[in-house]
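Secondary and tertiary structure notes
Chain residues, written in single-letter form:
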Amino acid sequence: MTDIIGRMTMQFRDFDTALFLTEYWQKKPLLIRNPWAAWENPLDPDELAGLACEADVESRIVTTKRETWKVEHGPFAEARFGKPGKKPWTLLVQAVDHYVPEVAALIDPFRFVPNWRIDDVMVSYASDKGGVGPHFDQYDVFLVQGLGQRRWQVGARCDSETELLPHDDLRLLAAFEATDEWVLDPGDILYVPPGVAHNGVAIGDDCMTYSVGFRAPVRGELVAHWCDHLLSEMTEDDRYRDPELTAQENPGEISVAALTRLQAMVTERLADPLAFARWFGSYNSAPKNPEIDWTPETVVTSAAFADRAVLCRNPASRFSFVRQTDDLLLLFVDGECIDCRGDLIALAQRICGQGAIIMDAALLQSHAALALLTGLVNRGSMAFEAD
């Protein structure tokens, strides 16, 4: 199905978002039987195999025999898929939404979760009995069955203390006991919260599953990167000072007043909410694959907008915003922070909330709007629909 500007959209027919967020989100698994208004598998298996042959696409093939798991990393030669072998196998391709708009459209119904939490859509294709073994993830995931059937089992909650089998590439559970089991048909969805053990096995060939995954920042990484950012801005002149120093009874004591002042030197910068918001927006929106150049071959000028009707976001780009003050909105695009004031505040919100912008007369007459949009096109974060 398509929307008014001709892009593919996916919609739920009947899904209680409020109930899901209250009862299930990050609490317990949920089987959702085909909630789509009209389910259509968005990607052909041959197209998925073609992506796995590309050098800039992350892909793996997992094979299993007698509970021994082997992982091969792409890119793969086309001949690899001509004779995949007799052992059950699974092809997994990361971030397919970055390359296939129809797969990116799968994310839209799940946008009741804020965009900044969305990671990517991994797509898997499995032969009969193919899978990646019992495991658990540290993030929320919606497992959408695209083609064929897959049997999913879920088990207990796991954590860093849970015993794993020794393997360099897979987080295989040493022991797995299923508490629930379902067979998913095309269009069915299984939601699995972070830490819940699960295991999926293909029933028959031509089994495709779309994993809509969400990001969950690690506290240690946040602290480390935030501190690194602060350190990069500090100078040698920013030192401890005590101009009101008075003599103390014992010179060996570190006084409470000194400790308070020293701790404040650290915490005042760490606890600055405005600075943290500006940093985190840039950090969180950084491209997943920064080595890929999405910029147009020819530099675009504002004049090009006169005869172009629709401007679309690059599915590989990350957009978000923070309301810094009443008259300042920070727009974050692919790791860059853009200060927006006046009419640009509304435009920035439209860009983040919609997949495409229709170039109306008001936008075409605004120099500030055209400057913002031109910059986004030239950095590859947006493009004209025809391109």
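If you're wondering where the values come from, they're calculated on a predicted model, not measured in any experiment.

Rules behind the numbers
Every residue gets a number counted from 1 within its own chain, in the order that chain's sequence is written. Restriction of local features to residues with pLDDT of at least 70 applies here, the model being predicted, together with a cutoff of 80 or more for giving and counting side-chain atom pairs; totals for whole chains, interfaces and linings are based on all residues. Values reported for side chains reflect all heavy atoms of the structure, with hydrogen atoms and water molecules removed beforehand. What counts as an axis is a line fitted to C-alpha atoms, over the stretch in contact for a helix, and the angles between N-to-C directions run from 0 to 180 degrees. Numbering of helices and strands runs from the N terminus; a helix is a DSSP stretch of H or I covering at least four residues, while a strand is a stretch of E covering at least two. Working definition: roughly parallel below 35 degrees, roughly antiparallel above 145 degrees, roughly perpendicular at 65 to 115 degrees, and oblique for all remaining angles. For any pair of crossing helices, the crossing counts as left-handed if the nearer helix is rotated counterclockwise from the farther one by less than a right angle, and right-handed if it is rotated clockwise. Residues count as neighbours in contact if any of their non-hydrogen atoms are within 4.5 Å of one another. Residue-level confidence of the predictor is summarised by pLDDT, bounded by 0 at the bottom and 100 at the top. The residues that make up patches have over 30% relative accessible area and no salt bridge, and they are joined within 9 Å when like-charged or within 5 Å when they are Val, Leu, Ile, Met, Phe, Trp or Tyr. Only the protein chains shown count as cover for residues, and all accessible areas are computed by the Shrake-Rupley method using a 1.4 Å probe. A pair is scored as a salt bridge if a Lys or Arg side-chain nitrogen falls within 4 Å of a carboxyl oxygen belonging to Asp or Glu. For the charge count, each Lys or Arg is scored as positive and each Asp or Glu as negative, with His and the chain ends excluded. Where a charge lies is defined by one atom per residue type: Lys uses NZ, Arg uses CZ, Asp uses CG and Glu uses CD. Relative accessible area decides the class of each residue, using a 1.4 Å probe on protein chains only: under 20% of the type maximum gives buried, over 50% gives exposed, and in between gives partly exposed.

A short note on the packing of helix α4 (residues 219-233) against helix α6 (residues 273-284)
Two numbers describe how α4 lies on α6: the axes approach to 11 Å, and their chain directions differ by 110°. When the axes of α4 and α6 are compared, the pair comes out roughly perpendicular. In the crossing of α4 with α6, the sense of the turn from one axis to the other is right-handed. Two secondary-structure elements touch here, α4 through E221, L222, H225, W226 and H229 and α6 through A275, F276, W279, F280 and Y283.

Digging into the confidence of the model for the protein
For the protein, the mean per-residue pLDDT works out to 93, and 97% of the residues sit at or above 70. Across residues 1-8 the pLDDT falls below 50, and counting only partners more than four positions away or on other chains, this stretch makes 23 contacts in the model.

A short note on a negative patch on the surface
A surface patch of like charges, here negative, comprises D44, D46, E47 and E102. Of note, D44 is situated in the loop between β1 (30-32) and α2 (45-52). Judged by its relative accessible area of 37%, D44 falls in the partly exposed class.

Focus: unusual backbone geometry
Looking along the chain, the bond that leaves G74 and enters P75 is cis, with omega of 5°. Looking at the secondary structure, you find P75 in the loop between β3 (68-73) and β4 (89-93). Positive phi values are uncommon outside glycine, yet D206 reaches one of about 55°. Position of D206 among the secondary structure elements: in strand β9 (residues 196-214).

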